[in-house]
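One-letter residues, chain by chain:
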Amino acid sequence: MPKRHFSHIRTWVFDLDQTLYPPHERLFPQIEEKMTAYVMRELGVSRDRADALRTTYWRDHGTTLAGLMRHHDIDPEGYMEEVHDISFDVLSPAPDLAELIAQLPGRRIVYTNGSAPYAANVLKARGLENLFEAIYGVEHADYHPKPDQAAFEKVFAKDGLDPTQAAMFEDDPRNLAVPHALGMRTVHVAPVPEPAAHIHHHTDDLTAFLAQLT
């Protein structure tokens, strides 16, 4: 992976869940359980129906929350607070990753479909809390989630970054299509590659990948 592909990068944009921590550190299943319980209670449906809706809304709208807001007028702030009330003890510190992120030239930001306070808790548990100039949650895009183009445009405008001088690290390949179209360098971080024209690079080990750049 030629280092020269990133020589022009001035802003490094990192997704959070299953990007800045590996999938085997099972944080997100706790959130999924909270989501299911929320949908069961608020919509008065069975667990099976709630699980189906959670998955369908994520597929069709980018996040479960976006589907709940569109179809059921759910209050996003209460939802986010509830589903992120979880234990972060499953996350382990990542000193090697922290050192490599700190060496990246330019600005470093986090952009997640979760909330910014939740992201701050994840970063603290991983020992990454002092490395980023900004943290953007879905609330900063008025609860429009990735992969919506309007969400990216709102957050990037708020940050003032130049997409042609930025790179995006993300586990969900859908969320790399708009960054690619805007001129960003795209890196898919996941155990299994998903070949696509909008993905420049794939890695199953973010730490090892960044070690090639610093």
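Whatever comes next refers back to the structure up there.
Residues numbered from 1 in each chain as written. Predicted model: local features only at pLDDT ≥ 70, side-chain atom pairs only at ≥ 80, totals over all residues. Heavy atoms only, no water.

Student: Please provide a residue-by-residue account of the packing of helix 3 (residues 64–72) against helix 4 (residues 76–83), values included.
Tutor: Running from amino to carboxyl end, helix 3 crosses helix 4 at an angle of 150°, the nearest separation of the two axes being 11 Å. In the packing of helix 3 onto helix 4, the handedness of the crossing is right-handed. Between helix 3 and helix 4, the residues in contact are T64, L65, L68 and M69 and P76, Y79 and M80, respectively. Here the contact of helix 3 with helix 4 is built from residues that sort into 6 nonpolar, 1 polar and no charged. (Axes fitted to C-alpha atoms, helices over the stretch in contact; angles between N-to-C directions. Helix = DSSP H or I, 4+ residues; strand = E, 2+ residues; numbered from the N terminus. Left-handed = near helix turned anticlockwise from the far one by under 90°. Contact = heavy atoms within 4.5 Å. Nonpolar A, V, L, I, M, F, W, Y, C, P; charged D, E, K, R; others polar.)

Student: Got a sec to walk through helix 4? Specific residues and values, please.
Tutor: For an α-helix the count is 3.6 residues per turn, leaving residues at separations of three or four pointing the same way. Within helix 4, burial applies to P76, Y79, M80 and V83. One side of helix 4 carries all its buried residues, which in axial view fall inside an arc of 95°. Structural note: helix 4 exposes E77 and E81 on the side pointing more than 90 degrees away from its buried face. On its buried side, helix 4 packs onto helix 1 (28–43) and helix 3. (Buried < 20%, exposed > 50% of the residue type's maximum accessible area, 1.4 Å probe, protein only. Arc of directions from axis to C-beta.)

Student: Lay out the sheet that holds strand 1 (residues 11–14) in plain terms, naming residues and giving numbers.
Tutor: Adjacent strands of a sheet pair through backbone hydrogen bonds, lying either parallel or antiparallel. Strand order in this open sheet of 6 strands is 3-2-1-4-5-6, and the pairing throughout is parallel. Looking along the sheet, the strands with just one partner apiece sit at the ends: strand 3 (134–136) and strand 6 (201–203). The sheet shows a mean angle of 20° between the axes of neighbouring strands, direction not considered. Pairing of strand 2 (residues 107–111) with strand 3, which is carried by 3 bridges, proceeds in the parallel orientation. By the bridge assignment for strand 3, I109 is matched with A134. (Pairing = 2+ DSSP bridges.)

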